[in-house]
Amino acid sequence: MVSEGVDIPRLRAVVYLTNRLTLLSFRQIVGRVVRTDPANVDDHGRVYLPADPRLLGMARRITENVDLLPPPLVLITDGKRALRVSNGNGGEAKGSFEALNTVGEQGGVFDTDGRDAHADLVTCARMFIEREGLTGTDPESLALVASDAPELRQALLALQHRPR
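Residues numbered from 1 in each chain as written. Predicted model: local features only at pLDDT ≥ 70, side-chain atom pairs only at ≥ 80, totals over all residues. Heavy atoms only, no water.

A separate point is the overall build of the protein chain. Across its full length, the protein chain carries five helices and six strands. Looking at the 164 residues of the protein chain, the share that counts as buried comes to 25%. For the protein chain, contacts bridging at least 24 residues in sequence account for 51% of all contacts bridging at least 6. Surface summary for the protein chain: the accessible area is close to 11600 Å², and the carbon and sulfur share equals 53%. (Helix = DSSP H or I, 4+ residues; strand = E, 2+ residues; numbered from the N terminus. Buried < 20%, exposed > 50% of the residue type's maximum accessible area, 1.4 Å probe, protein only. Contact = heavy atoms within 4.5 Å. Areas by Shrake-Rupley, 256 points an atom, 1.4 Å probe, with all protein chains shown as cover.)

Moving on, we get to the nonpolar core. Grouped together as the largest cluster of nonpolar side chains are 14 residues, with contacts concentrated most on Ala117, Leu121, Ala143 and Leu156. For this core, the secondary-structure elements that each account for two or more residues are α3 (119–132) and α4 (139–147). At six residues, α3 tops the list of elements feeding residues into this core. Excluding residues that lie within four positions of it along the chain, Leu121 makes contacts with Ala143, Ala146, Ser147, Arg153, Leu156 and Leu157. Val14, Tyr16, Val30 and Leu55 belong to the second largest nonpolar core, which has eleven residues in total. (Core = buried A, V, L, I, M, F, W, Y, C linked by side-chain atoms within 4.5 Å.)

Take the packing of α4 against helix α5 (residues 150–157) next. At a minimum axis separation of 7 Å, α4 and α5 run at an interaxial angle of 130°. As judged from the angle between their axes, α4 and α5 are oblique. Across the interface between the two elements, Leu142, Val145, Ala146 and Ser147 from α4 touch Pro150, Leu152, Arg153 and Leu156 from α5. Tallied by class, residues from the contact of α4 with α5 come to six nonpolar, one polar and one charged. (Axes fitted to C-alpha atoms, helices over the stretch in contact; angles between N-to-C directions. Parallel < 35°, antiparallel > 145°, perpendicular 65-115°, else oblique. Nonpolar A, V, L, I, M, F, W, Y, C, P; charged D, E, K, R; others polar.)

It is worth spelling out the packing of helix α1 (residues 23–31) against helix α2 (residues 53–64) at this point. Viewed as axis vectors pointing N to C, α1 and α2 meet at an angle of 65°, and their least axial separation amounts to 10 Å. The angle between α1 and α2 falls in the class roughly perpendicular. For α1 against α2, the interelement crossing comes out right-handed. Between α1, through Leu23, Phe26 and Arg27, and α2, the contact on the second element is made entirely by Leu55, Met58, Ala59, Arg61 and Ile62. In terms of residue class, the contact of α1 with α2 is made up of six nonpolar, no polar and two charged. (Left-handed = near helix turned anticlockwise from the far one by under 90°.)

All chains considered together, the criterion is met by five salt bridges. Taking the shortest distance from any N to any O, the salt bridge between Asp52 and Arg54 comes out at 2.8 Å. For Asp52, a relative accessible area of 19% puts it in the buried group. For Arg115, the salt bridge is made with Asp111, and the minimal N-O distance between the two is 2.7 Å. With relative accessibility at 17%, the residue Asp111 sits in the buried group. (Salt bridge = Lys/Arg side-chain N within 4 Å of Asp/Glu carboxyl O.)

A few words now on α3. Residues spaced three or four apart along an α-helix face the same direction, because each turn holds 3.6 residues. Helix length check: α3, at 14 residues, gives a terminal C-alpha distance of 20 Å against a target of 20 Å (1.5 Å per residue), a fit within 8%. Residues of α3 that are buried include every one of Ala119, Leu121, Val122, Cys124, Ala125, Met127 and Ile129, and no others. Tucked inside the fold, the buried residues of α3 contact β5 (109–110), β6 (116–117), α4 and α5. At the exit of α3 stands Gly133, carrying a positive phi of roughly 65°. (Expected span 1.5 Å × (residues − 1).)

This is the structure:
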C-alpha cells in the first residue's frame, strides 16, 4: 500500500519486511517515511530493515544521493531505558519515546559521508564510552569517526581483549 500512488503525510516509521527487492520499489517505500516537512524540521521518520546485503546496498545508494540531512535524533538512555530524545543540536526533540520491548544485536553502521564501521568497532566504542563515563557522544558516531582515524580505531579495537 505504501509503495505507489499513496500519500500518507504523517507516516513516520516503516519496517521493511517485504520481498520487493528492486531499487525502484525500495525508493518508493522508503520515500514515504523519509520525507521532510518544512513546517516541522524536528519531525523525522525512521526506516527499520533487516541486515540483508541487498537492502543495505540500496540504502547506501539512497544516502549517497542525499544533499542535505537534518541533524540526527539522539536517544539519551540510562543503559536500560530511554530518558529523552535530543534533536542533535543539544535541544529536546518534540514528542516522547517509550521503548516497549526490543531484541537485537549490534550491526555495522554507515553514514552519508561514505564512512562505515563494523559491528566490532561499534561494540568497542560502546565499551570505551561506558568505561570513561562519556555522555557527549554515542557509540555509532564514535565508531564512524574512528573508521577514518587509524590510531583511534586501533585503541578502540584493543578494548576487545581487555576484561570489562
